[in-house]
Amino acid sequence: MEAHGGDVSFGVLGPWEVRVGQGAVAVPVGQLRTVLASLLLSVGQSVSTPTLAERLWPGEGPGWPRGAVHTYVTRLRRLIGADLIQTEPDGYQLQVEPDAVDLHRFRGLVRRADDAGSAQEEMALLRESLRLWRGQPFGNASGPWLEHEVIPLLTEEWFGATERRIDLELASEPPGRLIAELTELTKRYPTREPLWTRLITALHRSGRRAEALSAYQRVRTVLREELGLDPSEELVQLHQTVLLGDTDDHPVSTAVRRRTPSPRQLPHGIARFTGREEELAALDRLRSGVAALDRLPSGVAASGRNGAGTNAPIIVTIDGAPGTGKTTLAAHWAHRVAHDYPDAQLYLNLRGYGPSEPMTPAAAAESLLRGLGVESDAIPVDVDERCALLRTILADRHALILLDNARNAEQVRPLLPGASGLVIVTSRDQLRSLSIRDGAHRVTLGAMPEAQAVELLAAAVGPARVAREPAAASRLVELCDHLPLALAIIAERAQRAATLAEVVDGLADEKARLDNLGTGENDPNIDLRAVLSWSYGALSPAAAATFHALGLHPASDIALETVEALVDLPPAEVKRGLDQLVAAHLLEQRRPCRYQLHDLIRLYAVDQARLHMPPGERQAAVRRFLDHYLFAAVSADRHLVPYRRRDFLAPMRPRRRPLAFADADEAMAWLELEYDSLRAVMSWAATNGWAHYSWRTTMAMTSFYDARIPWSDGLDSLKSAVRAARAASEPIGEAYTLNSVGCIYSDRGDVDLAERHFREALIHFKRSKSPYGEAMALCNLGMTYGEAGEYGKAQRHLMRALDLHVRNEYPRGIALALDNIGIAQTVAGHYRCAVKAFKQAHRINLRLREYASDAMCLRHLARAYVMTGDTREAVRAFRQSIDLFRRTRNQRWEAITLADLGHALNGAGHDVLARGILRTALDLMTGLADPRAHDIEAVLASTR
């Protein structure tokens with residue numbers, strides 16, 4: 001059919017509609033539509049023959065593309081008219097007015113809306129432009145070029161115009177009119193957050209608050225289940241606005257914050273709390289801002305400048321000797337005032353005094369951030385950045401923080417919020433500089449006055465018994481040195497005695513015996529030991545054995561399954577023993593299935609272990625719980641990286657069935673929960689004769705470090721593991737740990753340090769006759785040389801590594817070697833060879849289901865495609881990589897790969913689509929404190 005004049009129109013914003021003259025023209029589905037779409041998108045401009053060929057036959061065109069393209073153009077001319085398609089020196093051009101194509105009319109109307117003089121004019125132009133849309137652009141297009149490059153870009157343009165139009169209508173019309181439309185749109189595009197934002201806004205402004213809250217929960221569920229993401233900051237802030245019932249418009253902050261829940265972490269209060277009335281009254285007065293420092297009661301020293309009515313947090317320190325009840329008082333008062341701090345109630349044991357090292361400010365900030373809902377991947381590396389993020393999240397929030405068992409002011413100061421809130425700190429140290437420099441109010445606890453101590457005893461054993469034997473009660477208090485901890489423990493013994501006098505006689509005799517073992521100084525531990533001996537003597541054999549064993553464990557937080565490994569008894573007996581220890585106040589259970597020993601009680605447990613457990617039995621118990629941690633970590637790691645070789649375990653084998661996990665999520669949750677305990681235990685093991693466990697357990701956690709733990713923390717742990725391997729005189733351990741340290745330096749871009757550690761690891765692997773380890777170090781060295789541009793060295797090392805893995809039939813190693821070969825070839829400019837290597841590695845990873853390795857391999861493949869100019873294949877590989885990073889919950893590399901994708905699209909001219917992707921990457925990277933965020937900001941600024 002040839003055209004003989006008349007109107008020509010092309011409709012592609014929906015099913016194809018082509019009209020020439022008075023008749024409709026049916027363009028066959030397939031290659032002809034791809035050619036016509038190319039010409040329509042570039043009306044008035046020439047489209048080259050190579051470009052048309054690439055769009056028709058991506059990656060593998062016919063032998064004579066110019067002739068094949070000409071054939072399709074000839075067929076198209078017969079359909080729409082020969083005079084409409086002009087032959088150019090390098091290709092073809094469609095000769096029609098832009099307004100003849102609905103797509104160009106749409107874009108013209110949107111541009112006019114940008115320049116509109118009023119909101120009403122802008123809204124009218126946007127409505128007119130959107131009426132041109134009849135469905136998905138290009139109808140049922142099936143070509144990869146249209147599906148992957150063109151239609152997503154056009155859909156973004158439709159979203160932009162639609163959301164602008166809705167915003168204008170929300171500002172000028174009753175919001176209820178938009179609810180039906182927005183409900184339908186969120187059903188069609190459930191992961192499009194801006195549509196949900198507008199739906200929730202419309203519901204809220206229409207007075208339908210419950211429905212608005214329900215809509216937020218729906219989008220939160222959708223984002224988590226389909227993308228593994230939390231709602232954006234805009235949605236979170238909007239949710240808070242709805243919760244508060246605020247109908248004002250709030251500007252959305254551009255700062256990136258994590259979703260912050262309202263944690264309730266305070267340890268349980270004491271139902272029969274007794275005494276400390278003066279201290280409580282003083283605490284209440286200083287908090288309310290009316291305390292007069294010169295009128296504080298005796299025994300209470302206070303200083304400081306902050307208080308109610310200022311924009312600074314109220315800081316209270318409670319110090320005193322062990323056993324004086326610092327934590328009990330702090331927890332009791334915290335519960336009394338908690339209603340004024342609804343946004344967050346955080347608790348953290350800083351381990352200032354105990355068997356393990358005090359918690360560092362970096363680790364403490366990390367723990368608090370996790371409590372506030374910040375995922376590990378989003379926690380910055382640097383301690384200052386962590387603390388800054390903590391202050392950001394707590395800004396303008398009414399938060400209460402209880403920091404228990406602090407070592408000194410330097411441990412506490414970085415954790416203080418910058419503005420409002422209440423911070424309670426307990427310590428054996430007086431923390432004077434916290435008062436002088438930070439305005440903390442100091443409360444010092446001594447032994448309880450006799451009247452209060454007797455009252456505390458009466459609360460525990462019954463007022464009637466104390467009333468019948470006042471002298472015995474007074475003597476009992478004296479023997480306990482008026483220490484609340486000692487009184488709480490002895491009260492349990494008194495419950496089973498006929499009279500208080502009987503308890504006094506027995507305790508006096510026991511105290512005299514134990515005093516001979518003491519220092520003779522005024523030490524509250526001596527009297528407490530006498531008290532503890534009574535409770536200990538009443539324990540069942542199972543409870544006593546459990547108590548001994550607990551004294552051998554160096555961490556402050558111990559899980560039930562760890563106790564079961566530590567104590568060589570059936571689980572039911574262990575549980576009964578733990579319950580008895582909790583009932584006797586010898587053990588605390590602050591959370592289900594997790595237990596803690598008070599520092600002083602731990603010292604007594606250590607004494608009893610030495611007295612009642614022969615050295616061989618103590619050694620066996622320590623080996624059991626170290627075995628438990630090592631092989632539980634290995635079990636968790638098998639879910640994260642199933643085909644990883646774990647030769648570093650040799651010659652050790654589990655002595656009991658290791659802890660099992662249902663899936664990777666459960667394994668990761670266990671590692672997150674036990675992370676602090678694992679660090680404390682490995683540190684203790686490294687310096688107490690168990691270094692061979694320390695470095696192996698650290699090696700079992702390297703996948704977890706890579707996925708969740710900031711570089712600095714992982715590096716500290718791995719450097720400690722190197723020292724532990726040397727202390728254990730195990731060259732193979734030095735090899736593995738040095739190699740892992742090198743990997744972190746490589747990720748950070750410290751090429752020289754990475755090379756040095758990989759070379760040293762290679763020497764140790766060779767001496768240990770470990771072919772797998774040798775191949776791993778060679779592979780890492782080759783990658784390092786490749787990234788440094790030393791292609792010859794890289795190729796030699798990588799081919800040796802590949803040969804070793806092939807000879808030893810290790811497919812995962814082969815895939816990793818091929819991946820690193822591809823990296824070196826990409827740097828050297830051998831892009832086609834790199835693509836081939838990456839594809840080989842990808843096929844092996846698919847067969848092994850090595851998702852974490854494959855995510856990285858696909859990213860490398862995409863970057864190689866970018867260098868070849870194959871944007872279509874690059875985009876596809878980037879998207880596959882991003883999906884796998886999300887599947888493995890690796891947010892850091894998801895962000896990096898999103899940035900790569902955005903840069904690639906921007907370079908290919910798809911600036912609108914690139915901006916949306918780069919904004920997502922920027923949000924993630926800012927939350928991770930990644931310095932590459934600045935680069936993305938620069939690109940975004942240049943593409944506006």
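Residues numbered from 1 in each chain as written. Predicted model: local features only at pLDDT ≥ 70, side-chain atom pairs only at ≥ 80, totals over all residues. Heavy atoms only, no water.

**Q** Could you give me a rundown of the overall build of the protein, with the residues and numbers involved?
**A** In terms of regular secondary structure, the protein is built from 42 helices and 14 strands. Taking all 944 residues of the protein together, 55% fall into the buried category. Of the contacts formed within the protein by residues at least 6 apart in sequence, a portion of 66% connects residues at least 24 apart. When the accessible area of the protein is evaluated, it comes to approximately 40,500 Å², of which 51% is carbon and sulfur surface. (Helix = DSSP H or I, 4+ residues; strand = E, 2+ residues; numbered from the N terminus. Buried < 20%, exposed > 50% of the residue type's maximum accessible area, 1.4 Å probe, protein only. Contact = heavy atoms within 4.5 Å. Areas by Shrake-Rupley, 256 points an atom, 1.4 Å probe, with all protein chains shown as cover.)

**Q** Account for the sheet that holds strand β10 (residues 422-427), naming residues and giving values.
**A** Strand order in the open sheet formed by five strands is β8-β9-β10-β7-β11, with parallel pairing between adjacent strands. Edge strands, defined here as strands with exactly one partner in the open sheet, are β8 (344-349) and β11 (441-445). For this sheet the average axis-to-axis angle between neighbouring strands, irrespective of direction, equals 15°. Strands in contact with helix α13 (residues 361-371) are β8 and β9 (399-406); relative to β8, the strand with the most contacts, it is inclined by about 145°. (Pairing = 2+ DSSP bridges. Axes fitted to C-alpha atoms, helices over the stretch in contact; angles between N-to-C directions.)

**Q** A description of the pattern of salt bridges should follow, citing residues and the corresponding values.
**A** Taken as a whole, this structure holds 41 salt bridges when the rule is applied. Here Arg208 makes a salt bridge to Glu211, at a shortest N to O gap of 3.0 Å. Residues Asp319 and Arg442 are paired through a salt bridge, measuring 3.0 Å at the closest nitrogen-oxygen approach. In this pair, Asp319 sits in strand β7 (residues 314-320) while Arg442 sits in strand β11, placing the two residues 123 residues apart along the sequence. Here Asp319 and Arg442 have matching classes, each one buried. The structure contains a network of salt bridges with shared partners spanning Arg127, Arg165, Glu169, Glu173 and Glu181. (Salt bridge = Lys/Arg side-chain N within 4 Å of Asp/Glu carboxyl O.)

**Q** So what about the packing of helix α34 (residues 771-787) against helix α36 (residues 811-828)? Which residues, and what values?
**A** Remark: α34 packs on α36, axes separated minimally by 8 Å, with the N-to-C direction vectors making an angle of 15°. With respect to α36, the axis of α34 lies roughly parallel. Regarding α34 and α36, the two cross each other, and that crossing is left-handed. Taking contact as the criterion, the partners of Cys779, Met783, Gly786 and Glu787 in α34 are, on α36, Leu816, Ala817, Asn820, Ile823, Ala824 and Val827. (Parallel < 35°, antiparallel > 145°, perpendicular 65-115°, else oblique. Left-handed = near helix turned anticlockwise from the far one by under 90°.)

**Q** A description of the state of the cysteines should follow, citing residues and the corresponding values.
**A** For the structure shown, the criterion picks out zero disulfides. Here Cys779 stays unpaired: no disulfide links it, and the sulfur of Cys743, its closest cysteine neighbor, is 9.9 Å away. Given the relative accessible area of 4%, Cys779 is considered buried. (Disulfide = S-S within 2.5 Å.)

**Q** An account of the pairing of strand β6 (residues 91-94) is requested, with residue identities and associated values reported.
**A** The pairing of strand β4 (residues 47-48) with β6 spans two bridges and is classified as antiparallel. Its bridge partner being in β6, Ser48 is matched across the sheet by Gly91. Pairing geometry for strand β5 (residues 85-87) and β6, over three bridges, is antiparallel. In the sheet register, Gln86 faces β6, and the bridge partner there is Gln93. Linking β5 to β6, which pair antiparallel, is a turn of three residues.

**Q** Tell me about the environment of Gln580, and name the residues and values.
**A** Mapped onto the fold, Gln580 is located in helix α25 (residues 571-583). Between the alpha carbons of Gln580 and Ala543 there is a distance of 6.5 Å; along the sequence they are 37 residues apart. Among the polar contacts made by the side chain of Gln580, one reaches the side chain of Ser540 at a distance of 2.9 Å. (Polar contact = N/O pair within 3.5 Å; in protein donor to acceptor, adjacent residues only side chain to side chain.)

**Q** Which residues make up the confidence of the model for the protein, and what values do they have?
**A** Parts of the prediction with low pLDDT should not have their coordinates interpreted in detail. Looking at the protein as a whole, the pLDDT averages 82, with 87% of positions reaching at least 70. Across the protein, the secondary-structure element scoring lowest on mean pLDDT is helix α22 (residues 524-537), at 59, and the one scoring highest is helix α29 (residues 691-700), at 96. Predicted confidence is poor over residues 290-310, with pLDDT under 50, and the contacts of this stretch with residues over four places away or in other chains come to 50 contacts. Counting contacts from residues 512-527, a segment whose pLDDT is below 50, to residues more than four positions away or on other chains yields 18 contacts. (pLDDT = per-residue confidence, 0-100.)

**Q** Talk me through the sheet that holds β6; I want residue IDs and the actual numbers.
**A** One open sheet accounts for three strands, arranged β4-β6-β5; its pairing is antiparallel. The open sheet has two edge strands, β4 and β5, and neither has a second partner. On top of the sheet, helix α1 (residues 31-41) reaches β4, β5 and β6; it is set at about 65° to β6, its chief contact.

**Q** Got a sec to walk through unusual backbone geometry? Specific residues and values, please.
**A** The linkage connecting Ala650 with the following residue, Pro651, adopts the cis geometry, with an omega of 5°. In this structure, Pro651 sits in the loop between α27 (615-640) and α28 (664-687). Positioned with a positive phi, Phe138 is a non-glycine residue whose angle comes to about 60°. Relative to the elements of secondary structure, Phe138 occurs in the loop between α5 (119-130) and α6 (144-172). With a relative accessible area of 0%, Phe138 lands in the buried category. Phi at Asn405 is positive, roughly 60°, even though this residue is not glycine.

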